[in-house]
Amino acid sequence: MVVMKFGGTSVEDARAITRVEEIIRTRSTEKPVVVVSAMAKVTDQLLAAANAAGSSAREKSLEISLALRERHFNAASELLGTGVFSEFHSVLETEFNSLDDLLRGIAAVGELTSRTLDNVVSYGERISSLMVTEALRERGLPATHVDSRQCIITDSSFGQAAPFFTDTELKLKEHVLPLVNKGRIPIMGGFIGSTRDGVTTTLGRGGSDYTAAIVGGGLTAARIEIWTDVDGMMTTDPNICATARRIKSISFSEAAELAYFGAKVLHPATLLPAMQKEIPVLVLNSRNPKNDGTRITAQGKPSKNIFKAIAAKKRITIVDVKSTRMLMAHGFLRSIFEVFDRHKCPVDMVSTSEVSVSLTVDTVGSIPAIAADLQSLADVKYEGRKAIVCLVGDNIRGTPGVAARVFGALGEMNVRMISQGASEINIGFVIEEDDVPEAVLRLHKAFFTEVDSEVFGEALHKELVRR
Ligand code: ADP
Ligand code: ASP
Ligand code: MG
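The structure presented is a predicted model; accordingly, all values stated were derived computationally and were not measured.

Procedures and definitions
- Residues numbered from 1 in each chain as written.
- Chains lettered and ligands numbered in written order.
- Predicted model: local features only at pLDDT ≥ 70, side-chain atom pairs only at ≥ 80, totals over all residues.
- Heavy atoms only, no water.
- Helix = DSSP H or I, 4+ residues; strand = E, 2+ residues; numbered from the N terminus.
- Buried < 20%, exposed > 50% of the residue type's maximum accessible area, 1.4 Å probe, protein only.
- Contact = heavy atoms within 4.5 Å.
- Near = heavy atom within 4 Å.
- Polar contact = N/O pair within 3.5 Å; in protein donor to acceptor, adjacent residues only side chain to side chain.
- Nonpolar A, V, L, I, M, F, W, Y, C, P; charged D, E, K, R; others polar.
- Pairing = 2+ DSSP bridges.
- Axes fitted to C-alpha atoms, helices over the stretch in contact; angles between N-to-C directions.
- Core = buried A, V, L, I, M, F, W, Y, C linked by side-chain atoms within 4.5 Å.
- Domains from an automatic or database assignment.
- Phe/Tyr/Trp six-rings, centres within 6.5 Å; stacked < 30°, edge-to-face > 60°.
- Areas by Shrake-Rupley, 256 points an atom, 1.4 Å probe, with all protein chains shown as cover.
- Expected span 1.5 Å × (residues − 1).
- Bend = angle between axes of the 7 residues up to and from the residue.
- Disulfide = S-S within 2.5 Å.

Colleague: Would you mind going over the side chain of Thr 317 in detail, with residue names and values included?
Modeller: Among the secondary structure elements, Thr 317 is positioned in strand S12 (residues 309-323). On the basis of relative accessible area, Thr 317 is assigned to the buried category, the value being 3%. Ignoring any residue separated from it by four or fewer positions in sequence, one finds Thr 317 in contact with Leu 359, Thr 360, Val 361, Val 364, Tyr 382, Glu 383 and Gly 384.

Colleague: I'd love a proper account of the site of ligand 2, names of residues and values included.
Modeller: Surrounding ligand 2, one finds Ser 37, Thr 43, Glu 125, Phe 191, Arg 205, Gly 206, Gly 207 and Ser 208. Within the side chain of Ser 37, a nitrogen or oxygen atom sits 3.1 Å from an oxygen atom of ligand 2. In the shell around ligand 2, the residues fall into one nonpolar, five polar and two charged.

Colleague: Any details on the sheet that holds strand S1 (residues 2-6)? Residues and values, ideally.
Modeller: What the eight strands build is an open sheet, ordered S3-S4-S2-S1-S7-S10-S11-S9; its pairing is mixed. Taken across any chain shown, the strands that pair with only one partner, and hence form the sheet edges, are strand S3 (143-146) and strand S9 (249-251). Strand-to-strand, the axes of this sheet are offset by a mean angle of 20°, without reference to chain direction. In terms of strand pairing, S1 meets strand S7 (residues 223-228) through five bridges, oriented parallel. Looking at S7, one finds that Met 4 is bridged to Glu 225. Of the strands in this sheet, S9, strand S10 (281-285) and strand S11 (294-297) are in contact with helix H9 (residues 252-260), which crosses S9 at around 85°.

Colleague: So what's going on with the nonpolar core? Residues and values would help.
Modeller: Counting 71 residues, the largest nonpolar core has Val 176, Met 233, Ile 296, Phe 307, Val 406 and Leu 443 as the members making the most contacts within it. A domain-level breakdown of this core finds at least three residues from each of domain 1 (2-229) and domain 2 (309-466). Discounting chain neighbours no more than four positions away, the residues touching Met 233 are Arg 245, Arg 246, Ile 247, Ile 250, Ala 255, Leu 258, Ala 263, Val 265, Leu 266, Val 283, Thr 294 and Ile 296.

Colleague: Give me the packing of aromatic side chains: which residues, what numbers.
Modeller: Scanning the entire structure with this criterion turns up six aromatic pairs. Here the aromatic rings of Phe 407 and Phe 429 are separated by 5.7 Å at their centres, their planes lie at 65°, and the arrangement is edge-to-face. Of this pair, Phe 407 sits in helix H13 (residues 402-410) while Phe 429 sits in strand S17 (residues 426-432), placing them 22 residues apart in sequence. On the basis of relative accessible area, Phe 407 is assigned to the partly exposed category, the value being 22%. Classification of Phe 429 as buried rests on a relative accessible area of 0%.

Colleague: Residues and numbers for the site of ligand 1, please.
Modeller: Around ligand 1, a shell composed of 18 residues is seen, among which Thr 228, Asp 229, Met 234, Asn 239 and Lys 264 lie nearest. Lys 5 places a polar side-chain atom, nitrogen or oxygen, 3.0 Å from an oxygen atom of ligand 1. Compared with its free state, where it exposes 570 Å², ligand 1 has 89% of that area covered by protein. Residue composition of the shell around ligand 1, by class: seven nonpolar, six polar and five charged.

Colleague: Now, about helix H5 (residues 114-138): what can you tell me, with residues and values included?
Modeller: Here H5 spans 37 Å end to end across 25 residues, near enough to the 36 Å set by a 1.5 Å rise per residue. Its maximal kink placed at Ser 122, H5 deviates by approximately 30°. A positive phi of about 85° marks Gly 140, the residue just after H5.

Colleague: Please provide a residue-by-residue account of the domain arrangement of the protein, values included.
Modeller: Taken as a whole, the protein is organised into domain 1 (2-229) and domain 2 (309-466). Its C-alpha centre places domain 1 at a distance of 34 Å from the equivalent point of domain 2.

Colleague: Hey, could you go over the state of the cysteines for me, with residue numbers and the actual values?
Modeller: Within this structure, the stated rule accounts for zero disulfides. Residue Cys 241 stays outside any disulfide, its sulfur separated by 16 Å from that of Cys 390, the closest cysteine. According to the relative accessible area criterion, Cys 390 is buried, its value standing at 0%.

Colleague: So what's going on with the pairing of strand S13 (residues 347-352)? Which residues, and what values?
Modeller: Relative to strand S14 (residues 356-361), S13 runs antiparallel, the two sharing five bridges. Note that in S14 the partner of Ser 351 across the bridge is Ser 358. In this structure, the hairpin formed by S13 and S14 is closed by a connection of three residues.

Colleague: How would you explain the environment of Arg 25 if you had to name every residue and give the values?
Modeller: With respect to the helices, strands and loops of the structure, Arg 25 is situated in helix H1 (residues 14-26). In sequence terms Arg 25 and Gly 140 are 115 residues apart; their C-alpha atoms lie 9.9 Å from each other. Other than its neighbours up to four places away in sequence, Arg 25 contacts Arg 139 and Leu 141.

Colleague: Give a detailed account of unusual backbone geometry, specifying residues and quantitative values.
Modeller: The backbone phi angle of Lys 41 is positive, close to 75°, even though this residue is not glycine. Counting through the fold element by element, Lys 41 comes out in the loop between strand S2 (32-36) and helix H2 (42-54). Although it is not a glycine, Phe 191 sits at a positive phi angle of roughly 75°. If you trace the backbone, Phe 191 turns up in the loop between strand S4 (185-189) and strand S5 (192-194). Assessed through its relative accessible area of 4%, Phe 191 is described here as buried.

Take a look at the structure:
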């Protein structure tokens, strides 16, 4: 079995969905299970509609929903023949009517809870998966829709729900596996799930990749394919650096590190289920399906280059915690981290001196409350608009002088914090958010002008691929 996930741009309109059908057809003897995102930008618009309703801007909210309704109707009418379209028309009507009822309800109370927000944004994947199913059937593929909320069972951390793997695996075996065994192609919406009580949840932005990995892990797939709009994982974000190169082969741990530190091409949790069962993950371009993409495996291929890629994570806040009395006393660090933990605020980078601890977080919202809780122990100062830039590669281990080369390439740029993890596959540092493009370009030039052709492919900007 192979799990194939198609992202937002890969299902953005009728043309894109037709390409998806052609790609799935090439895997039809391999028992495909398909996971799709909402059409491109739909999740953003659903968020905007929900927020408008939450501030009682009822008309604005319904206008956004109407535009979404029209976009989906247009795509469906292009994809489906008249007979099927008139049937599917009423399915779409039902979905959008219930979305509008929900938005009216939110506007009436003028309050948006995280639980209701998840319900609103879930419509993107609910509807796209129904539409892709119809489109594939229209073209003769044996597609069957599966409501992901029956299978992906999560806790109730709305907006960032965590799956219960054992429950989920059982449900996948109940609802998805029998279809595959009958020669059907199950089509599921990514990103969405439900609690054990059946309340709709979402896995966090970009979470459809994670759905694919949960399904692939749960059903022990032979391969998980992530189909997107670039040729694979690149040596850096191709939006920042037009000469970014495709990485042909990379290890799970390197790719996970890159995803965590900002390579948006993969949701950070994606590789966990794949790693556990050693299922290869491929990142492929739905606009350029002949390209081999990136193959992510337990080991990856050895490379002559020190690094595999550079990632950048923006919207970082540096928090300086200066001890007022305990001065590195035993238990000081623990009491600090307990406060962050209580506020469910993950810490990315830490550096300590005798009297203070500096750390970075990416959730600025809870900092004032954390500072208040820390007041009896320490003075807290914080500064936003920072970014973590991170260079990742297995060869950092055992290459002397790596840090000197990195900071040499950065020249006079103002670096605020530095970390070289114990895992020795990453060197990270904190800079001003505005300095990210310059830093990435300098590092890319220094480390990827000459590359090992066994491991790195051509430099292809996605815009070039599109033409
Ligand atoms: P999808 O909708 O298919 O999930 P995303 O927009 O979530 O696609 O992810 C793909 C995008 O990730 C690319 O278009 C690219 O702009 C961005 N990106 C950031 N860093 C990288 C990287 N290192 N390699 C490839 N793409 C990257
Ligand atoms: N549609 C969701 C988002 O935009 C999930 C995804 O595309 O992966 O975040
Ligand atoms: Mg994505």
